[in-house]
Amino acid sequence: MKKFSILAGALLLAGTLFASEGYEKKPMFETMRAADKGAVVMVHFGSSYPETRKLTIEAINEKAEEEFKDLEVRDAFTSRIIMKILKRRGIDKDNPKEVLETLKAEGYTHVLVQATHVIDGVEAENLKKEIEEFEDDFKEIRLGTSLLTTPEDYKEVAHILGDKIGKLKRKEAAVFVGHGTHDPGTAAYPMMDYVFKSEGYKNFYVGTIEGYPIFDNVVSRLKQAKIKKVKLMPFMFVAGDHANNDIAVDWKEMLEEKGFKVEVILEGLGQQAEIQDIYMEHAKFAAEHEAEDMAKKKKEYAEGKE
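An unreviewed UniProt entry lists the chain under the name Anaerobic cobaltochelatase, with Ilyobacter polytropus as the source organism.

K.L.:
Explain a negative patch on the surface here, please?
P.N.:
Together, Glu58, Glu62, Glu65 and Glu66 make up a negatively charged patch on the protein surface. Within the fold, glutamate 62 resides in helix H2 (residues 50–67). Judged by relative accessible area, which is 48%, glutamate 62 ranks as partly exposed.

K.L.:
I keep staring at the pairing of strand E5 (residues 140–143) and nothing clicks. Help me out?
P.N.:
A regular strand carries its side chains on alternate faces of the sheet. Sheet topology places strand E4 (residues 110–115) next to E5; 4 bridges connect them, and they run parallel. When the sheet's bridge partners are listed, valine 111 is paired in E5 with isoleucine 141. For the handedness criterion, the β-α-β arrangement of E4, helix H5 (residues 122–132) and E5 is classed as right-handed.

K.L.:
What should I look at first to understand the sheet that holds strand E6 (residues 172–178) in this one?
P.N.:
Adjacent strands of a sheet form backbone hydrogen bonds with each other and so pair up, either parallel or antiparallel. Taken in spatial order, the 4 strands make up an open sheet running E7-E6-E8-E9, and their pairing is parallel. The open sheet has two edge strands, strand E7 (204–208) and strand E9 (261–264), and neither has a second partner. The average angle at which neighbouring strand axes cross in this sheet is 30 degrees, direction not considered. Summarising the sheet, E6 and strand E8 (residues 229–234) pair through 6 bridges and their orientation is parallel. Following the sheet pairing, valine 175 is matched in E8 by leucine 232. The sheet strands contacting helix H7 (residues 188–198) are E6 and E7, and the helix crosses E7 at an angle near 175 degrees. In this fold helix H9 (residues 241–257) packs onto E6, E7, E8 and E9, with an angle of close to 165 degrees to the strand it touches most, E8.

Rules of the game
Residues numbered from 1 in each chain as written. Predicted model: local features only at pLDDT ≥ 70, side-chain atom pairs only at ≥ 80, totals over all residues. Heavy atoms only, no water. Patch = residues over 30% accessible without salt bridge, like charges linked within 9 Å, V, L, I, M, F, W, Y side chains within 5 Å. Areas by Shrake-Rupley, 256 points an atom, 1.4 Å probe, with all protein chains shown as cover. Salt bridge = Lys/Arg side-chain N within 4 Å of Asp/Glu carboxyl O. Lys, Arg positive; Asp, Glu negative; His and termini not counted. Charge placed at Lys NZ, Arg CZ, Asp CG, Glu CD. Helix = DSSP H or I, 4+ residues; strand = E, 2+ residues; numbered from the N terminus. Buried < 20%, exposed > 50% of the residue type's maximum accessible area, 1.4 Å probe, protein only. Pairing = 2+ DSSP bridges. Right-handed = clockwise from strand over helix to strand, strands pointing away. Axes fitted to C-alpha atoms, helices over the stretch in contact; angles between N-to-C directions. Contact = heavy atoms within 4.5 Å.

This is the structure in structure tokens:
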């Protein structure tokens, strides 16, 4: 584990350096004046499963409180269905707009939003649009990036999951199943599959429920590799409905019908402390940096100012 920690630290540093390209150093909270108020909003899709919520969502919220101890930390859910289920159980959760409206009313001036999205898919794009509506309501409002953003993020995730799965036996493979998306963000899944192999995890495969690669793509490659046993694990922040039903039941049964022996590892990515750390690094980076204005830079290049 010590060896992994050193590797993880090196990857985090490399990822930060890589991410700094296209960004300018502009600290957000250090510039606040006496009357200003800062907050961090952790945004989650949500889960109706209490145990996985505790191990993932509540765990990373606590980590955010430790990381940003001088700031107010709130959380928001984006799934209206999950919010309705929880409300019937006496648990009230606000969506991102509601949380931002509350912070505005309470006089907060600087807000950092960090979501636990795995990829930049439909959910991530929708959140960006919601945040844009509040740009004039705060002195500063910024959004941290999703789990898989830079190539170094992919590498770090590969090693974290490689450490989690351990050494595979002969004719054994690990299959990670993500939710998937119908927009270009689905390209993150085949890239993750590629990075697994480029980092030495040749029998690690990635599939999706509603994106690409699909189930048949994964099975075809397992057959080509003459795999007999599969370790099946969700590639999602929480192990909620999709993990418990679509993966632990449907994918497991379909793989068994194809002749594979299947072992399910029913854990969300967010249960891994190292995965939580990546999100925190993204949040801290966003608090210290702002994306360069490329239109301004192009204009300056055209005018010979750079």
